[in-house]
Amino acid sequence: MANALIVYASRTGETENIANLIAEGIRIAGHSAQVKNANDIKSEKELSGPDALVLGSATYHGEMLPAMKKLLFMAEKADLAGKPGGSFGAFGWSGEAPGRIFDTMQHIFKMDMVSGPLTLKSSSLEGGIQMAQQYGRDLAARMPG
Ligand SMILES: Cc1cc2nc3c(=O)[nH]c(=O)nc-3n(C[C@H](O)[C@H](O)[C@H](O)COP(=O)(O)O)c2cc1C
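Residues numbered from 1 in each chain as written. Predicted model: local features only at pLDDT ≥ 70, side-chain atom pairs only at ≥ 80, totals over all residues.

### Section: the overall build of the protein chain
Piece 1. On a plain count of helices and strands, the protein chain comes out with 5 helices and 8 strands.
Piece 2. Helices and strands in the protein chain line up, N terminus first, as β-α-β-α-β-β-β-α-β-α-β-β-α.
Piece 3. A compact globule built from 145 residues would reach a C-alpha radius of gyration of about 15 Å, and the protein chain, at 13 Å, matches this within 12%.
Piece 4. Projecting the C-alpha coordinates of the protein chain onto the three principal axes gives extents of approximately 35 × 30 × 25 Å.
Piece 5. Of all 145 residues assigned to the protein chain, the portion counted as buried reaches 46%. (Helix = DSSP H or I, 4+ residues; strand = E, 2+ residues; numbered from the N terminus. Rg over C-alpha atoms; globule rule 2.2 N^0.38 Å. Buried ≥ 20, exposed ≤ 12 C-beta atoms within 10 Å, placed from the backbone.)

### What about the nonpolar core?
Piece 1. Counting residues in hydrophobic clusters, the biggest one holds 43 residues, and the most contacted among them are Ala4, Ile6, Ile18, Ile22, Val54, Met68 and Leu139.
Piece 2. Contributing elements (two or more residues each) for this core: strand S1 (3-9), helix H1 (14-28), strand S3 (52-57), helix H3 (66-75), strand S6 (84-90), helix H4 (96-107), strand S8 (118-120) and helix H5 (128-140).
Piece 3. Those residues within four positions of Ile22 in sequence are excluded, and the remaining contacts are Ile6, Val54, Phe88, Ala132, Tyr135 and Gly136. (Core = buried A, V, L, I, M, F, W, Y, C linked by C-beta atoms within 7 Å. Contact = placed C-beta atoms within 7 Å.)

### Points about the site of the ligand
Piece 1. Ser10, Thr12, Thr15, Ala58 and Gly92 are the nearest of the 17 residues found near the ligand.
Piece 2. Mapped onto the shell around the ligand, the elements with two or more residues apiece are H1 and strand S4 (59-60).
Piece 3. Grouping the amino acids of the shell around the ligand by side-chain chemistry returns 5 nonpolar, 10 polar and 2 charged. (Near = placed C-beta within 6 Å. Nonpolar A, V, L, I, M, F, W, Y, C, P; charged D, E, K, R; others polar.)

### Digging into the environment of Val54
Piece 1. Mapped onto the secondary structure, Val54 falls in strand S3.
Piece 2. Along the chain, Val54 and Ala75 lie 21 residues apart, while their C-alpha atoms are 12 Å from each other.
Piece 3. Ignoring sequence-local partners within four residues, the contact set of Val54 consists of Ala4, Ile6, Ile22, Gly85, Gly86, Ser87, Phe88 and Leu139.

So, in structure tokens, the structure goes:
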């Protein structure tokens with residue numbers, strides 16, 4: 001069983017909900033998943049331990065939250081090349097954050113990314129629960145046996 005870490009930055013809890021649903025999808029697929037707030041990650045060692053990493057932030061004023069921006073600079077020092085990765089976030093109308101995170105994970109960290117970021121207006125709308133769980137399953141399919 002491989003282990004995934006899901007880290008979120010969220011102001012009102014929507015992105016946190018999506019993080020928990022992605023974790024459920026990973027567990028349904030038979031792997032273990034832990035969910036953490038970006039504010040609680042204190043060193044890059046916490047990011048380099050897990051077999052897969054999923055990072056998410058809500059979008060505010062066209063940007064990711066500061067805690068996720070800080071975490072991405074920290075993650076640059078963790079050796080993440082080749083590991084399965086994904087990104088996600090809740091949004092209202094433009095939703096830039098998940099795409100920015102995804103691009104950084106792909107181009108700078110050189111991770112093995114699932115196909116595209118997961119952006120949801122709310123986990124409780126229009127099949128959001130299933131989409132987030134499926135994203136977790138898609139990631140799990142890339143995790144080591
Ligand atoms: C002050 C403010 C600014 C926002 N700016 C954006 C924005 O630029 N683009 C967007 O798509 N959503 C924007 N939103 C909507 C949030 O992304 C949305 O409410 C999201 O569900 C919040 O997720 P969270 O609960 O994880 O913080 C904004 C919301 C507020 C209150």
